[in-house]
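Reading the structure
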Amino acid sequence: MTDRSSRSQSSSGGASGSSGGVSRRAMVRRTAAVVGGGAAAMLGGTAASAQAPGASSGQARRTFRAYVAFGREASMQTLTLLPIGPRQVLVRTEAAQICYSTTRQGLGAVNVAQAVIPCHGGVGTVIEVGASVERVEVGQRVIVAGQAQCGTCYNCLRGRADHCLRGNADGNPNGAIAEMRDGTKVAGFRAGCSELMVAFETYCVPVVTSVSPVELSVLADVGMVGLAATMTKARVEAGSDVVVLGCGPLGLSAVQGARIQGAAQIIAVEPIRYRRELALKLGATVALDPNVEGNNLVASIQQLCRSKTSRVAGGGNTLPDLVVEAVGGDLFPPKAEVGPDPTGVLPLQQAWQLCSPVGQVVTTGVGHPPGAMVSFPAGQWSNSSKTHQPGNVAGANSLRDLPRFVRLIEAGLFDAKALATATFPLERAREAFQAAADRTAVAAVVVPS
Ligand SMILES: [Zn+2]
Ligand SMILES: [Zn+2]
């Protein structure tokens, strides 16, 4: 389906800045970019006078609005787009969920040496592609995922796209995509907290759907991880017992994944009351408060498993089949109920303790203090058959999984709307970061257009 010759012509035309010899397809692309450009197209601009070999000049020098962290500040800025690279894609952003792990940058709580748009992915429409891009075309709707999938690196070839090695490796991951008025370069590949997103094609997943941008944005990063935690490497067996520690957007996606897969019992553990209540609406059969359970949490969950008839008949395995840890360390004190361990280490320990000797543990938390340690009984570590699926994106293969996860929304099986509890226009992006940091929203979504 790809047309290499026209792409190479597009490349040479773009690099020289000349319209002579540009293929019909390239012309169509450029026209589509203007017709379909929406807010970006209205921004105007002139072609760049100098650019990298193979770079695309179509939309370069356009101005656009983005939320930028720099030094110890973060604010809305008007930026000028730099030419995109040959394997990069320019997307007009429709929605982007704030990832909790970016909140320190987003609220100016850490010193950011290089200006950056702090965000992980989003959803939008492609308005320009680099000369070597094959995966997507101008006019297509794409989810820009939080994790790359190249399909050809060492890890992708071994079925571990969740640890894809390529990602931004086609260029400098800290390379600039735009500049401020004073010439300061701004990084931010795949950052959707902006009217325009620049992403390597390895992050882009085309989708054809009428599902709303806000719902799709929930899937781009943490929703994908939560579903993957129960549906990919560690797959919930129908009729099994599942525990989900932590009911943020990731944990609540895991709760739904467990329900979709047919878990008989889903035990949600979460200190924040409104999140426990939402967990019960989304499929949890029990929701426990770790502050109430205290040191009895593991025993309480064992008891919930022990009471099941099949467990008794089966010979006494009273531990869950799958435990998903979705807590992590506190980057900010929550403005909701505070959990028992702000470091996030305790839930990691409990996940191991809780898991059946032949069960699976999925860990996804981030933000633990440097040097934090988890320990295991040596005999268990040596001889039990607990399977650990460590996080990053919990086994997700974005190109394989995001389209089917979109279908789960279409089929009414995955409720993304229930997770997107707060939306903000781009100009109020700071409030979105604050809501995520405070945990007053489940998923805080920025809607640039
Ligand atoms: Zn993220
Ligand atoms: Zn790869």
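Relevant structure appears above.
Please read all numbers here as calculations on a predicted model, not as lab measurements. (Residues numbered from 1 in each chain as written. Chains lettered and ligands numbered in written order. Predicted model: local features only at pLDDT ≥ 70, side-chain atom pairs only at ≥ 80, totals over all residues. Heavy atoms only, no water.)

1. Notes on the coordination of the zinc ion (ligand 1)
Within the protein, Cys-99 (SG), His-120 (ND1) and Asp-221 (OD) serve as the donor atoms for the zinc ion (ligand 1), at 2.0 to 2.3 Å. Donor residues for the zinc ion (ligand 1) sit on one chain with the sequence pattern C-x20-H-x100-D. Residue Cys-99 is located in the loop between strand S3 (88–97) and helix H4 (103–106), and its partner Asp-221 is located in helix H6 (residues 213–231); the two are separated by 122 residues in the primary sequence. What makes Cys-99 buried here is its relative accessible area of 8%. Relative accessible area serves as the criterion here: at 10%, Asp-221 is assigned to the buried category. (Donors = N, O, S within 2.8 Å, 3.2 Å for Na, K, Ca; no water. Helix = DSSP H or I, 4+ residues; strand = E, 2+ residues; numbered from the N terminus. Buried < 20%, exposed > 50% of the residue type's maximum accessible area, 1.4 Å probe, protein only.)

2. Focus on the sheet that holds strand S15 (residues 360–363)
The 6 strands lie next to each other as S13-S12-S11-S14-S15-S16, forming an open sheet whose pairing is parallel. Two strands in the sheet have a free side with no partner beyond their single neighbour: strand S13 (286–288) and strand S16 (387–390). Mean inter-strand twist for the sheet, computed between neighbouring axes without regard to direction, equals 15°. When S15 meets S16, the two strands line up parallel, connected through 4 bridges. Looking across to S16, one finds that Val-361 is bridged to His-388. (Pairing = 2+ DSSP bridges. Axes fitted to C-alpha atoms, helices over the stretch in contact; angles between N-to-C directions.)

3. Some details on the coordination of the zinc ion (ligand 2)
Bound to the zinc ion (ligand 2) on the protein side are Cys-150 (SG), Cys-153 (SG), Cys-156 (SG) and Cys-164 (SG), at distances that span 2.3 to 2.4 Å. Angles of 105 to 120° at the metal separate the 4 donor atoms of the zinc ion (ligand 2), which places the site in the tetrahedral class. Ordering the donors of the zinc ion (ligand 2) by residue number gives the pattern C-x2-C-x2-C-x7-C. Pair noted here: Cys-150 is in the loop between strand S6 (141–144) and helix H5 (154–157) and Cys-164 is in the loop between H5 and strand S7 (178–179), with a separation of 14 residues, a long-range link. Residue Cys-150 shares its accessibility class with Cys-164, and that shared class is buried. (Tetrahedral: all angles 85-135°; square planar, octahedral: opposite > 155°, others 65-115°.)

4. Quick notes on helix H12 (residues 345–354)
In terms of burial, H12 is a largely internal element, 8 of the 10 residues being buried. Residues Val-345, Pro-347, Leu-348, Gln-349, Gln-350, Ala-351, Trp-352 and Leu-354 constitute the buried set of H12. Its buried side turned inward, H12 meets strand S11 (241–245), helix H10 (297–306), strand S14 (322–325), S15 and helix H13 (378–383). (Contact = heavy atoms within 4.5 Å.)

5. A few points about the nonpolar core
Counting 64 residues, the largest nonpolar core has Leu-79, Ile-117 and Cys-193 as the members making the most contacts within it. A per-element tally of this core places helix H15 (residues 429–438) first, with 6 residues. Ignoring sequence-local partners within four residues, the contact set of Cys-193 consists of Ala-66, Tyr-67, Ala-96, Ile-98, Ile-117, Pro-118, Cys-119, Leu-426, Ala-429, Phe-433 and Val-446. Val-205, Ala-234, Ala-254 and Val-442 belong to the second largest nonpolar core, which has 55 residues in total. (Core = buried A, V, L, I, M, F, W, Y, C linked by side-chain atoms within 4.5 Å.)

6. Some details on the packing of H6 against helix H7 (residues 249–261)
Where H6 contacts H7, the two axes come as close as 7 Å, and the packing angle between them is 40°. Our classification of the angle between H6 and H7 gives oblique. Regarding H6 and H7, the two cross each other, and that crossing is right-handed. Here Val-222, Gly-223, Val-225, Gly-226, Leu-227, Thr-230 and Met-231 of H6 lie close against H7, whose contacting residues are Pro-249, Leu-250, Ser-253, Ala-254, Gly-257, Ala-258, Ile-260 and Gln-261. Across the contact of H6 with H7, the residue classes tally to 9 nonpolar, 6 polar and no charged. (Parallel < 35°, antiparallel > 145°, perpendicular 65-115°, else oblique. Left-handed = near helix turned anticlockwise from the far one by under 90°. Nonpolar A, V, L, I, M, F, W, Y, C, P; charged D, E, K, R; others polar.)

Take it as geometry only, folks, not as evidence of what the structure does.
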